[in-house]
Amino acid sequence: MRERCSAGVVCALAVLLVALLTGCQGSSDAAEGDGRLSEVVTPTRASGFGSVFLAVDECSSFGKTSFTEVSCGSERAAARVVARFDGKVNDGPLCPGTTDFVLHISEQSPSSDEDGDGAVPQGYACMRNLTPPHPGDPGGGGGPRTIVGDCVYNSGDGQVRETACDGKGEKKPEFKVAKAVAKRSQCPISTALYVQLGGEEPVGCARPV
């Protein structure tokens, strides 16, 4: 069985401050994304299972400091790529709403020796766990984005963070995003909090829970 490795280090276990991929940020009327797993991955091979490292529908194993691209049929497979983009996260498209975590892939130039595997451009892979839990699901309390169905709590200093809607997280939910709209005026009258979501409907209308 062929495998392709990528060494990486945890680059963010706390709040991700990228507005388009983290849930939200801002003042008392905008939410800040909760702490989510995000890795910086430096690929050591650029070919193997496909012409693109960690392309859409390819799978990876999990490790404390590294991710290995493996066959999705392997018993080591833990997560699948649901979207893959070149460039930096804050310059590129949003990951799908139910993405569980994001892998930031560092750029690699071709090796000069005969065994060189070609170049891997800087990019990011939107990952979905093959089995539960799925923190990116609505109400799951995690993932790189805040979406309709997610819950948040007041974290102080006029900001909120995401937490699990079932109350099993470290913090109890205080608001739930009930609707996504293009502008605040389209939110229901019952809206108690406006949450920045990003995308075509960037305003989340949240109600107390």
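Please read these numbers as outputs of a predicted model, since none were measured by experiment. Each residue is numbered by its place in its chain's sequence as written, counting from 1. Predicted model: local features are reported for residues with pLDDT of at least 70 only, side-chain atom pairs are reported and counted for 80 or more only, and whole-chain, interface and lining totals are derived from all residues. Each side-chain value is derived from all of the structure's non-hydrogen atoms; neither hydrogens nor water enter the calculation.

1. What to know about the environment of glycine 87
Phase 1 of the analysis: Each helix corresponds to a stretch of at least 4 residues labelled H or I by DSSP, and each strand to a stretch of at least 2 residues labelled E; elements are numbered beginning at the N terminus. Inspection of the secondary structure assignment puts glycine 87 in the loop between β6 (79-86) and β7 (101-105).
Phase 2 of the analysis: Per-residue accessibility, obtained with a 1.4 Å probe over protein chains only, is compared with the maximum for each type, and a residue is labelled buried under 20%, exposed over 50%, and partly exposed between these values. Judged by relative accessible area, which is 27%, glycine 87 ranks as partly exposed.

2. Some details on the state of the cysteines
Phase 1 of the analysis: We call a pair of cysteine sulfur atoms a disulfide whenever their separation is within 2.5 Å. Using the criterion set out here, one finds 4 disulfides in the structure.
Phase 2 of the analysis: Sulfur-sulfur distance for the disulfide between cysteine 95 and cysteine 126 comes to 1.9 Å. Torsion about the S-S bond of the cysteine 95 and cysteine 126 cystine: about -75°, corresponding to left-handed handedness. On the criterion of sequence distance, the pair formed by cysteine 95 in the loop between β6 and β7 and cysteine 126 in strand β8 (residues 123-129) is long-range, its members being 31 residues apart. The two residues cysteine 95 and cysteine 126 agree in class, both being buried.
Phase 3 of the analysis: Across a sulfur-sulfur distance of 2.0 Å, cysteine 151 and cysteine 165 are joined as a disulfide pair.

3. Digging into the pattern of salt bridges
Phase 1 of the analysis: Salt bridge criterion: a side-chain nitrogen from Lys or Arg within 4 Å of a carboxyl oxygen from Asp or Glu. Per the stated rule, a full pass over the model turns up 3 salt bridges.
Phase 2 of the analysis: The partner of arginine 84 in a salt bridge is aspartate 86, with the nearest N and O atoms 3.5 Å apart.
Phase 3 of the analysis: Classification of aspartate 86 as exposed rests on a relative accessible area of 52%.
Phase 4 of the analysis: Here arginine 128 ties to aspartate 137 by a salt bridge, and the two come within 2.7 Å at their closest N and O atoms.
Phase 5 of the analysis: Taking the relative accessible area as the measure of exposure, aspartate 137 reaches 24% and is therefore partly exposed.
Phase 6 of the analysis: Bridged by salt links that share partners, the residues Asp100, Arg128 and Asp137 form one connected network.

4. Regarding the packing of aromatic side chains
Phase 1 of the analysis: To pair, rings of Phe, Tyr and Trp, with the six-membered ring standing in for Trp, must have centres within 6.5 Å; the planes then decide the type, stacked if under 30 degrees apart, edge-to-face if over 60, and tilted in the middle. Taken as a whole and assessed by the stated rule, the structure comprises 2 aromatic pairs.
Phase 2 of the analysis: A ring pair is formed by phenylalanine 85 and tyrosine 124, whose centres lie 5.4 Å apart and whose planes are at 45°; its orientation type is tilted. Here the residue phenylalanine 85 occupies a position in strand β6, and tyrosine 124 occupies one in strand β8, the gap between them amounting to 39 residues.
Phase 3 of the analysis: On the accessibility criterion, tyrosine 124 (0% relative accessible area) is buried.

5. Looking at the confidence of the model for the protein
Phase 1 of the analysis: The predicted model of the protein has a mean per-residue pLDDT of 77, with 69% of residues at 70 or higher.
Phase 2 of the analysis: At the level of individual helices and strands, the protein shows its lowest average pLDDT in strand β1 (residues 4-12), which scores 35, and its highest in strand β11 (residues 175-181), which scores 98.
Phase 3 of the analysis: Scored between 0 and 100, pLDDT is the confidence that the predictor attaches to each residue. Two residues form a contact once any of their heavy atoms are found within 4.5 Å. Across residues 1-37, where pLDDT falls below 50, the model places 146 contacts with residues more than four positions away in sequence or in other chains.
Phase 4 of the analysis: For residues 44-48, every residue scores under 50 in pLDDT, and the model assigns this stretch 20 contacts once sequence neighbours within four places are set aside.

6. Overview of the environment of glycine 92
Phase 1 of the analysis: Assignment of secondary structure puts glycine 92 in the loop between β6 and β7.
Phase 2 of the analysis: Owing to a relative accessible area of 16%, glycine 92 belongs among the buried residues under this scheme.

7. Examining unusual backbone geometry
Phase 1 of the analysis: Here proline 132 and proline 133 are connected by a cis peptide whose omega angle stands at 5°.
Phase 2 of the analysis: Mapped onto the elements, proline 133 comes out in the loop between β8 and β9 (151-156).
Phase 3 of the analysis: Unlike most non-glycine residues, leucine 54 shows phi in positive territory, near 50°.
Phase 4 of the analysis: Relative to the helices and strands, leucine 54 is located in the loop between β3 (38-43) and β4 (59-60).

8. Section: the pairing of β7
Phase 1 of the analysis: Counted residue by residue, β7 has 4 buried out of 5 residues, so it is predominantly covered.
Phase 2 of the analysis: Pairing analysis gives 5 bridges linking β7 to β8, with the strands arranged antiparallel. Note on β8: the bridge partner recorded for phenylalanine 101 is methionine 127. Should DSSP find at least two bridges between two strands, the strands are regarded as paired.

9. Some words on the nonpolar core
Most often, soluble globular proteins keep nonpolar side chains buried together rather than apart.
Phase 1 of the analysis: Listed in full, the 11 residues of the largest apolar core are Phe53, Leu54, Phe67, Ala79, Val81, Phe101, Leu103, Ile105, Val120, Ala125 and Met127.
Phase 2 of the analysis: Going through the elements one at a time, β6, β7 and β8 are the ones with two or more residues in this core.
Phase 3 of the analysis: A total of 3 residues in this core trace back to one element, the largest contributor, which is β7.
Phase 4 of the analysis: Counting residues in each nonpolar core, the second largest holds 9 residues, with Phe175, Leu193, Val195 and Leu197 among its members. In this description, a nonpolar core means a group of buried Ala, Val, Leu, Ile, Met, Phe, Trp, Tyr and Cys residues linked to one another through side-chain atoms lying within 4.5 Å.

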